[in-house]
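Structure assessment
In case you want the letters, here they are:
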Amino acid sequence: TRSLSITSADQSMFEKAQGEKVTLPCTFVLSEEDEGPLDIEWVLIPADNQKKEQIIIMYAVDRIYNHYYAAMTGRMQFTNPDPRSGDGSLDILNLKSADTGTYQCKVKKAPGVQSQKIQLTVLVKPARTKCSIEGSQEIGKDVILKCVSQEGSPLLSYDWRRVSSTQELPATSMLNKNTGELLLKNASQDYSGTYNCVASNRVGTDECSVELNVTPPINTAGIIAGAIIGTLLGLFVLAFLIFCCCKKHREKKYEKEVHHEIREDVPPPKSRSSTARSYIGSNRSSLGSMSPSNMEGYTKTPYSQVPSEDFERTPGQNPTFAPSKVAAPNLSRMGAVPVMIPAQSKDGSIV
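Residues numbered from 1 in each chain as written. Predicted model: local features only at pLDDT ≥ 70, side-chain atom pairs only at ≥ 80, totals over all residues. Heavy atoms only, no water.

Thoughts on the overall build of the protein chain
This is how the line gets drawn: Going along the chain from the N terminus, every DSSP run of H or I of four or more residues is numbered as a helix, and every run of E of two or more is numbered as a strand. Contacts between residues were defined by any pair of non-hydrogen atoms, one from each residue, lying within 4.5 Å. For the accessible areas, the method is Shrake-Rupley and the probe is 1.4 Å, while residue cover comes only from the protein chains on display.
Secondary structure assignment for the protein chain yields 3 helices and 18 strands. Considering only intrachain contacts with a sequence separation of at least 6, the fraction spanning at least 24 residues in the protein chain is 58%. Within the structure as shown, the protein chain displays about 23,700 Å² of accessible surface, and the carbon and sulfur contribution to it stands at 55%.

Quick look at the structure:
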């Protein structure tokens with residue numbers, strides 16, 4: 001008994017790059033005995049056998065149903081809008097790495113039933129490849145050139161070449177294609193130049209470059225000596241500043257203590273009354289010994305400059321001034337102007 005058969009069983013594995021489009025073939029031929037309704041299903045078989053198959057798209061009763069698998073909504077369609085023509089192939093657009101898996105095409109038309117499995121692998125091209133240098137770029141040192149792609153499906157392969165001068169790598173170089181490391185042993189100035197790295201896999205490539213500049217060794221002894229001297233100078237300056245601050249603080253503290261002691265030892269000031277009495281008493285004693293020879297100094301002192309004295313008097317007491325009984329010396333002979341000299345009476349009042 002003849003029945004339908006799938007004719008696109010030649011290719012069962014596909015490898016595509018992320019972002020590309022793939023067409024999974026599923027063509028078939030019907031027989032005269034196949035009189036039932038035509039059903040075409042595409043399902044995704046999970047890697048875990050414990051999970052159920054997921055229907056992606058289906059053709060049944062002359063209609064297309066493509067809302068079963070949300071992860072591919074808007075990215076999948078039948079290659080032929082009318083699968084009844086014998087073409088049930090599936091197009092998947094804008095491939096993603098998550099689309100990797102096993103797909104199965106099932107064609108039913110009673111009494112015939114046929115299916116076909118296709119393995120799809122979505123690879124990611126190498127991208128964001130970075131080059132770097134590890135180690136000291138000095139003559140006689142070992143230098144490692146590194147190359148790493150941030151994106152890309154395994155297995156990635158790395159290859160280095162020299163851009164400047166000749167493209168041949170130095171004779172002492174050792175390349176690891178799997179890790180992307182290029183070891184340059186006992187580097188010399190001839191190794192200086194631009195190096196280029198190419199990362200590749202089955203679906204694409206990506207590149208990066210780095211500049212190597214091998215120089216003579218640095219005078220580390222001079223650098224260490226300079227660092228030590230600089231550190232010592234810094235410590236000396238710091239110690240000097242601390243000493244100045246402490247000295248200034250001690251001087252301020254000493255001034256405060258001395259000022260406080262002086263204020264405690266100063267005797268209280270005398271009252272105006274006692275000062276006036278002392279001044280008048282001293283003037284009166286000097287008048288007793290007045291002579292024509294020492295009167296010249298007193299003639300030049302105005303009476304108004306004698307300090308006043310506030311006497312403590314009882315109510316009713318009025319000071320009386322009596323003419324002085326002391327005979328004033330004849331000052332006309334000395335050419336001096338006579339002045340009134342205050343004197344004290346017997347009751348203590350000033351006259």
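And the narrative resumes.
Observations concerning the sheet that holds strand 14 (residues 157-162)
Heads up, the rule is: When DSSP finds two or more bridges between a pair of strands, those strands are recorded as paired. Fitting a line to C-alpha atoms yields each axis, with helices limited to the stretch in contact; the angle taken between N-to-C directions then spans 0 to 180 degrees.
One open sheet holds the 3 strands; their spatial order is 14-17-18, and the pairing between them is antiparallel. Bordering the open sheet on either side are strand 14 and strand 18 (204-212), each of which pairs with just one other strand. Averaged over all pairs of adjacent strands, the angle between their axes in this sheet comes to 20°, without regard to strand direction. In terms of strand pairing, strand 17 (residues 193-201) meets strand 18 through 9 bridges, oriented antiparallel. From the neighbouring strand, Tyr 195 faces strand 18, where its bridge partner is Val 210.

Quick notes on the state of the cysteines
Let me state the cut-off plainly: Note that a disulfide, as used here, is simply two cysteine sulfur atoms within 2.5 Å. Throughout this description, buried means an accessible area under 20% of the type-specific maximum (1.4 Å probe, protein chains only), exposed means over 50%, and partly exposed covers the range between.
Per the counting criterion, the structure on display carries 3 disulfides. With its sulfur 1.8 Å from that of its partner, Cys 131 forms a disulfide with Cys 208. Here Cys 131 and Cys 208 share a disulfide; its torsion about the S-S bond, 75°, makes the bridge right-handed. Here the residue Cys 131 occupies a position in strand 12 (residues 127-134), and Cys 208 occupies one in strand 18, the gap between them amounting to 77 residues. Cysteine Cys 244 is unpaired, with the sulfur of Cys 245 as its nearest cysteine sulfur at 6.9 Å. Not part of a disulfide, Cys 246 finds its nearest cysteine sulfur in Cys 245, a span of 6.9 Å. Residue class for Cys 246 comes out partly exposed when judged on its relative accessible area of 37%.

Considering the nonpolar core
The criterion, for reference: Here the nonpolar core consists of buried residues drawn from Ala, Val, Leu, Ile, Met, Phe, Trp, Tyr and Cys, with membership extended through side-chain atoms lying within 4.5 Å.
In terms of nonpolar packing, the biggest core is built from 27 residues, with Leu 24, Trp 42, Ile 56, Ile 92, Tyr 103, Val 107 and Leu 120 touching the most fellow members. At the level of elements, strand 3 (22-24), strand 5 (38-45), strand 6 (54-60), strand 8 (76-78), strand 9 (90-92), strand 10 (101-109) and strand 11 (112-123) are the ones that each hand at least two residues to this core. A per-element tally of this core places strand 5 first, with 4 residues. Beyond its immediate sequence surroundings of up to four residues, Leu 24 is in contact with Phe 14, Trp 42, Ser 89, Leu 90, Ile 92, Tyr 103 and Ile 118. Grouped together as the second largest cluster of nonpolar side chains are 18 residues, Cys 131, Tyr 158, Trp 160 and Tyr 191 included.

What to know about the pattern of salt bridges
How we decide: By convention in these notes, a salt bridge is any Lys or Arg side-chain nitrogen within 4 Å of a carboxyl oxygen on Asp or Glu.
For the coordinates displayed, the defined rule picks out 9 salt bridges. Among the salt bridges present, the one from Lys 146 reaches Glu 134, with a minimum N-O distance of 2.8 Å. One end of the pair, Lys 146, is in strand 13 (residues 143-151); the other, Glu 134, is in strand 12, with 12 residues separating them in the sequence. Assessed through its relative accessible area of 38%, Glu 134 is described here as partly exposed. Put simply, Lys 177 and Asp 159 hold a salt bridge, and the shortest N to O gap is 3.6 Å. Highlighted residues: Lys 177 in the loop between strand 15 (173-176) and strand 16 (181-184) and Asp 159 in strand 14, separated in sequence by 18 residues. Under the relative-accessibility criterion, Asp 159 is labelled partly exposed at 37%. Ionic contacts of the salt-bridge type, sharing partners, join the residues Asp 62, Asp 82 and Arg 84 into one network.

So, the UniProt feature "transmembrane region" (unreviewed entry) in the protein chain
Spelled out, the test is: UniProt positions are given in the numbering used here, feature names are shortened, and annotations may be inferred rather than shown by experiment.
Sites flagged by UniProt as "transmembrane region" (unreviewed entry) map to residues 223-246. The span residues 223-246 carries 100% helix and 0% strand; its end-to-end C-alpha distance comes to 35 Å.

A closer look at the side chain of Asp 34
Our working definition: N or O atoms within 3.5 Å of each other form a polar contact, as long as, within protein, one can give a hydrogen and the other can take it, and as long as residues adjacent in sequence are counted only when both atoms are side-chain atoms.
The residue Asp 34 is located in the loop between strand 4 (28-29) and strand 5 in this model. A distance of 2.8 Å separates a polar side-chain atom of Asp 34 from the backbone nitrogen of Leu 4. Looking at Asp 34, its side chain comes within polar contact range of the side chain of Ser 31, at 2.9 Å. Setting aside residues no more than four positions away along its own chain, Asp 34 makes contact with Ser 3, Leu 4, Lys 109, Ala 110, Pro 111 and Gly 112.

Thoughts on unusual backbone geometry
One can expect most non-glycine residues to show negative phi and most peptide bonds to be in trans. Of note, the amide linkage connecting Ala 110 to Pro 111 takes the cis form, showing an omega dihedral of 5°. As for its placement among the helices and strands, Pro 111 is situated in the loop between strand 10 and strand 11. The amide bond that connects Pro 154 to the next residue, Leu 155, takes the cis arrangement and shows omega of 0°. Mapped onto the elements, Leu 155 comes out in the loop between strand 13 and strand 14. With phi around 45°, Asn 94 is a residue other than glycine that occupies positive phi space. Tracing the sequence through the fold places Asn 94 in the loop between strand 9 and strand 10.

Here we look at the environment of Ser 89
Along the polypeptide, Ser 89 turns up in the loop between strand 8 and strand 9. For Ser 89, a relative accessible area of 5% puts it in the buried group. Between the alpha carbons of Ser 89 and Leu 24 there is a distance of 5.7 Å; along the sequence they are 65 residues apart. With residues near it in sequence (within four places) discarded, Ser 89 still touches Thr 23, Leu 24, Pro 25, Cys 26, Thr 27, Trp 42, Gln 77, Phe 78 and Thr 79. For Ser 89, the side chain forms a polar contact with the side chain of Asp 87, separated by 2.7 Å.

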